[in-house]
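Examining the three-dimensional arrangement
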Amino acid sequence: MKRRQILGFLGIAVAGLLLAIGLPLVTPSSVVAQSSTNITVSAASSLKDALEEIKPLYQQSKSNINISYNFGASGALQQQIEQGAPADIFISAGQKQVDALEQKGLLLPGSRTNLANNSLVLIVAQDVVGISSFSNLISSRINKIAIGEPRSVPAGQYGEEVLKNLKLYDQLKSKFVFGNNVRQVLAAVESGNAQAGIVYATDAKTSNKVKVVVTADEKLHSPIVYPVVVIKSSKNISAAKQFVQFLSGSQAKTVLRKYGFIV
């Protein structure tokens, strides 16, 4: 009994000392409150501005969730995931990349959903005149056309489909300047390194240095869909699912519409 009393007294004394010198008491509940979960989202470059704006909106109610973005070409991100790079969520600008991961059993079953759609546009620098259609790209005044690398950049794949369906591809392919992602294509036109480029409508909307001259007929290319999935190897599946669910909600949709996405 005396031993218990002594131990109790010592405990009270230690607590009092900690409070006296300003150190907080550590309790199991405070440890839980301070812990945080990290989620890595590998996403297509064209989503950068929208996702960066969505992040703080999500963290208003989920302050213990830290979201890290890894932006790049969808094909390159697909390869990273196949090679074991850490990722909890993948948002692609094309279905082909997600299909490939699904066939290899790398996705969490039932987690796939479509986030948004987009459209494809032909852009030129603000001071370029006389270009109002894809067929005008044949002009000798246009010697460089920026386009995403079709094997890894979905925007490049869609652009290639448009030009082939319009019977223009063979006449124009010698003018192509390839970008590793759609933002590089936009930057090439902005800087004057290319007189024209093929990008998403959402990318064109972010720049005041380019103008859209025509939107590609959606019948000329595969549907531009942004699938979002949870990676099977994620160590934070529950948190990843919650963020994916938030992306389908009204707050996230408002941001996506703001940047020109179709939801």
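Residues numbered from 1 in each chain as written. Predicted model: local features only at pLDDT ≥ 70, side-chain atom pairs only at ≥ 80, totals over all residues. Heavy atoms only, no water.

The name given to the protein in an unreviewed UniProt entry is Molybdenum ABC transporter periplasmic molybdate-binding protein, with Nostoc commune NIES-4072 as the source organism.

Brief notes about the sheet that holds strand β3 (residues 89-91)
A sheet is described by the order of its strands in space; here 5 strands give the open sequence β2-β1-β3-β10-β4, paired in mixed fashion. The sheet is open, and its two edges are formed by β2 (65-72) and β4 (113-117), each paired on a single side. Going across the sheet, the axis of each strand differs from the next one's by a mean of 20°, ignoring polarity. When β3 meets strand β10 (residues 225-230), the two strands line up antiparallel, connected through 3 bridges. Among the inter-strand pairings, Ile89 is bridged to a residue of β10, identified as Val230. (Pairing = 2+ DSSP bridges. Helix = DSSP H or I, 4+ residues; strand = E, 2+ residues; numbered from the N terminus. Axes fitted to C-alpha atoms, helices over the stretch in contact; angles between N-to-C directions.)

Observations concerning the pattern of salt bridges
This model, assessed by the stated rule, comprises 9 salt bridges. Across the pair Glu53 and Lys258 runs a salt bridge, and its minimum N-O distance is 3.0 Å. With Glu53 in helix α3 (residues 48-59) and Lys258 in helix α11 (residues 250-258), this residue pair connects regions lying 205 residues apart in the sequence. On the basis of relative accessible area, Glu53 is assigned to the partly exposed category, the value being 26%. Here the salt bridges do not stand alone but share partners, grouping Asp49, Arg183 and Asp203 into one network. (Salt bridge = Lys/Arg side-chain N within 4 Å of Asp/Glu carboxyl O. Buried < 20%, exposed > 50% of the residue type's maximum accessible area, 1.4 Å probe, protein only.)

Observations regarding unusual backbone geometry
Not every positive phi belongs to a glycine, and Lys167 is a case in point at roughly 60°. Positionally, Lys167 belongs in the loop between α6 (154-165) and α7 (169-172).

Topic: the sheet that holds strand β7 (residues 176-179)
Across the sheet, which stays open at both edges, the 5 strands sit in the order β7-β6-β8-β5-β9 with mixed pairing between neighbours. Lying at the two open borders of the sheet, with one neighbouring strand each, are β7 and β9 (210-215). Each adjacent strand pair in this sheet contributes to an overall mean axis angle of 35°, direction not counted. Strand direction decides the pairing type here: strand β5 (residues 120-125) and strand β8 (residues 196-200), joined by 5 bridges, are antiparallel. Looking across to β8, one finds that Ile123 is bridged to Gly197. Running over the sheet, α6 touches β5, β6 (145-148), β7 and β8 and is turned about 115° from β8. (Contact = heavy atoms within 4.5 Å.)

Examining the layout of surface pockets
Estimates place the volume of the largest pocket at around 210 Å³. Per-class residue counts for the lining of the largest pocket are 6 nonpolar, 6 polar and 3 charged. Size it by volume and the second largest pocket reaches roughly 150 Å³. Forming the walls of the second largest pocket are Asn117, Asn118, Ser119, Ala216, Glu218, His221, Ser222, Pro223, Ile224 and Ile262. Taken together, the residues that form the lining of the second largest pocket break down as 4 nonpolar, 5 polar and 1 charged. (1 Å grid on protein atoms, 1.4 Å probe; cavity = no way out; pocket = protein on both sides within 12 Å on 5 of 7 lines; lining within 4 Å. Points joined across faces, edges and corners; volume = space filled by probe spheres on them. Nonpolar A, V, L, I, M, F, W, Y, C, P; charged D, E, K, R; others polar.)

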